[in-house]
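Okay, here's what each chain looks like letter by letter:
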Amino acid sequence: MAKPKRRYVCTECGGITFRWQGQCPDCSEWNTLEEEAPETAFSARHNLGSGGRRIAFEALDAPIRPLARRTTGLAEFDRALGGGIVPGSAILMGGEPGIGKSTLLLQAAAAIARSGQDVVYVSGEEATAQVRLRAGRLGLADAPLRLASASSVRDILTTLGDGAPPALLVIDSIQTMHSDMIEGAPGTVSQVRASAFELIRYAKECGTALVLVGHVTKDGSIAGPRVLEHMVDVVMSFEGERSHQFRILRALKNRFGAVDEIGVFAMEGAGLAEVPNPSMLFLSGREVPLAGSAVFPALEGTRPVLVEIQALIVRLQSGATPRRAVVGWDSGRLAMLLAVLESRCGLNFSSAEVYLNVAGGYRLSDPAADLAVAAALVSALADKPLPMRGIWFGEVSLAGEVRPVSHAGLRVKEAAKLGFDRACGPVQEGEGLGKLRYKGIAGLPGLVDQVMANA
């Protein structure tokens, strides 16, 4: 084996010589020659600076083909995806066990198969007989989709490579898949990453839309490495309480459309039914005005959803420790709002238990709900019902000011469509909000006067 040659590089001019000397022969500077590490056979073989295939660069204004989407047959599913499934895309869907992920994907896969496209459904958790029983219960037994029960990625890709690639490939779930190229049991970090990489590579090369079902942890995030969420194009979350009827399909990441879009479904005996008007679902049962009930126009992406916020105030005997219970909202924000009401409006909640609930099991994270929550609390404290056909929205600051919120016109427009005739919100939002009677509120003291007057 030949001995690697040593060479010396000048730090001033970059000149190279194969023996050390005090003076650089090129620039005549002294003591500037430094020995460079010799190149070995190993380093030459693993040098990534050469030996690869040259890539082609494109300009940003280069002409592109329009994005072709495939409809799933479920309008709410398409809405959450941004208009439909993009060929060659990878979709990761997470949700709690038993929430209806497999039911939703089976309904979507059956609808696409009935439209004449090739669909493959691979279940790693259930036998094919179990999936067929569910399909029969949902009335989908006649759908011409290809069903298999397998967990080996090599077997799946080998089978799919024998024919034309399908339009849709559903893997239920990615935590059950394993690759024989990686050591470890299915569900480990290395196995999940390797299996997902091979399936996504196949989808990108063949133009197949890939849907991966993922397990979730106790806090609701998708189990496994976060790198899995970076590898896919779309991350969707299927949410809802199993004790309630509705389910929400939410897009958390979407490279082909807007994020935070939602699709609303209702769990029925024949499967998941679409809810084109979710506001009617969350506002059902409001026949008579009750104290402590306020309607808030929430915004999910571009869709306004009207939800009911309920508050209950219970006076306690002196010395008892009051409770603060919240369902569907941030408990820390409730404590802040109670402190602002006590400090800026002189209301006393310290000797009372406070219970707050968002009806229907809906979860709110919009800061625009501050005014609706405050109105419900003041109404419950004074035992005065709020107007039945009124909505409340606005963000409350620590100084008690009511600040503007985004898309106020869109919220009011949805309320008017459902028969509401009045709205209360920030003063700056009072113009151009349609035919509703709008009452601008500058601060929480004005809110208290408004509730007490029952205007």
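Keep in mind that this is a model prediction, so the values were computed, not measured.

A. Region of the structure containing the sheet that holds strand β2 (residues 16-17). Within the open sheet, the three strands sit side by side as β2-β1-β3. Their pairing is antiparallel. Strands with a single pairing partner mark the edges of an open sheet, and in this sheet they are β2 and β3 (33-36). Where strand β1 (residues 7-10) meets β3, four bridges bridge the pair, whose relative direction is antiparallel. Bridge pairing links Cys-10 to Leu-33 in β3.

B. Region of interest: the pairing of strand β16 (residues 352-358). Summarising burial for β16: five of the seven residues are buried, a large majority. Bridging between strand β14 (residues 303-315) and β16 involves seven bridges; their strand directions are antiparallel. Following the sheet pairing, Ala-311 is matched in β16 by Leu-356. For strand β15 (residues 324-327) and β16, the ladder comprises four bridges, and the chain directions are parallel. Bridged to Val-326 within β16 is Leu-356.

C. Examining the UniProt feature "domain: RecA family profile" (unreviewed entry) in the protein chain more closely. On the UniProt side, "domain: RecA family profile" (unreviewed entry) is annotated at positions that read residues 66-216 here. The span residues 66-216 shows a helical share of 38% and a strand share of 17%, and its end C-alpha atoms are spaced 35 Å apart.

D. Here's a closer look at the side chain of Asp-233. Mapped onto the secondary structure, Asp-233 falls in the loop between α7 (227-231) and β9 (234-239). Among the polar contacts made by the side chain of Asp-233, one reaches the side chain of Lys-204 at a distance of 2.5 Å. Sequence-distant contacts of Asp-233, defined by excluding residues within four places in its chain, comprise Gly-88, Ser-89, Ala-90, Lys-204, Lys-253, Asn-254, Arg-255 and Phe-256.

E. Representation of the pairing of strand β12 (residues 271-274). The pairing of strand β11 (residues 262-268) with β12 spans four bridges and is classified as antiparallel. For Ala-266, the partnering residue across the bridge sits in β12 and is Ala-273. Between β11 and β12, which pair antiparallel one after the other, the connecting turn spans two residues.

F. Layout of the packing of helix α9 (residues 331-345) against helix α10 (residues 370-382). Close contact between α9 and α10 brings their axes to 11 Å; oriented N to C, the two are set at 60 degrees. The pairing of α9 with α10 is recorded here as oblique in orientation. Between α9 and α10 lies a crossing of right-handed hand. Across the interface between the two elements, Arg-333, Leu-334, Leu-337, Leu-338 and Leu-341 from α9 touch Asp-370, Val-373, Ala-374, Leu-377 and Val-378 from α10. Across the contact of α9 with α10, the residue classes break down as eight nonpolar, no polar and two charged.

G. A look at the UniProt feature "binding site: ATP" (unreviewed entry) in the protein chain. Annotation from UniProt places "binding site: ATP" (unreviewed entry) at Gly-95, Glu-96, Pro-97, Gly-98, Ile-99, Gly-100, Lys-101 and Ser-102. You can see Gly-98 is positioned in the loop between β4 (90-95) and α3 (101-114). Here Ser-102 falls in the buried class, since its relative accessible area comes to 16%.

H. Looking closely at the environment of Leu-337. Residue placement: Leu-337 occurs in helix α9. Residue classification places Leu-337 among the buried residues on the basis of a relative accessible area of 0%. For the pair Leu-337 and Ala-127, spaced 210 residues apart in sequence, the C-alpha separation works out to 52 Å. Among all residues touching Leu-337, those that are not within four sequence positions of it are Trp-329, Asp-370, Val-373, Ala-374 and Val-396.

Cut-offs used in this document
Residues numbered from 1 in each chain as written. Predicted model: local features only at pLDDT ≥ 70, side-chain atom pairs only at ≥ 80, totals over all residues. Heavy atoms only, no water. Pairing = 2+ DSSP bridges. Helix = DSSP H or I, 4+ residues; strand = E, 2+ residues; numbered from the N terminus. Buried < 20%, exposed > 50% of the residue type's maximum accessible area, 1.4 Å probe, protein only. UniProt positions renumbered as here; feature names shortened; annotations may be inferred. Polar contact = N/O pair within 3.5 Å; in protein donor to acceptor, adjacent residues only side chain to side chain. Contact = heavy atoms within 4.5 Å. Axes fitted to C-alpha atoms, helices over the stretch in contact; angles between N-to-C directions. Parallel < 35°, antiparallel > 145°, perpendicular 65-115°, else oblique. Left-handed = near helix turned anticlockwise from the far one by under 90°. Nonpolar A, V, L, I, M, F, W, Y, C, P; charged D, E, K, R; others polar.

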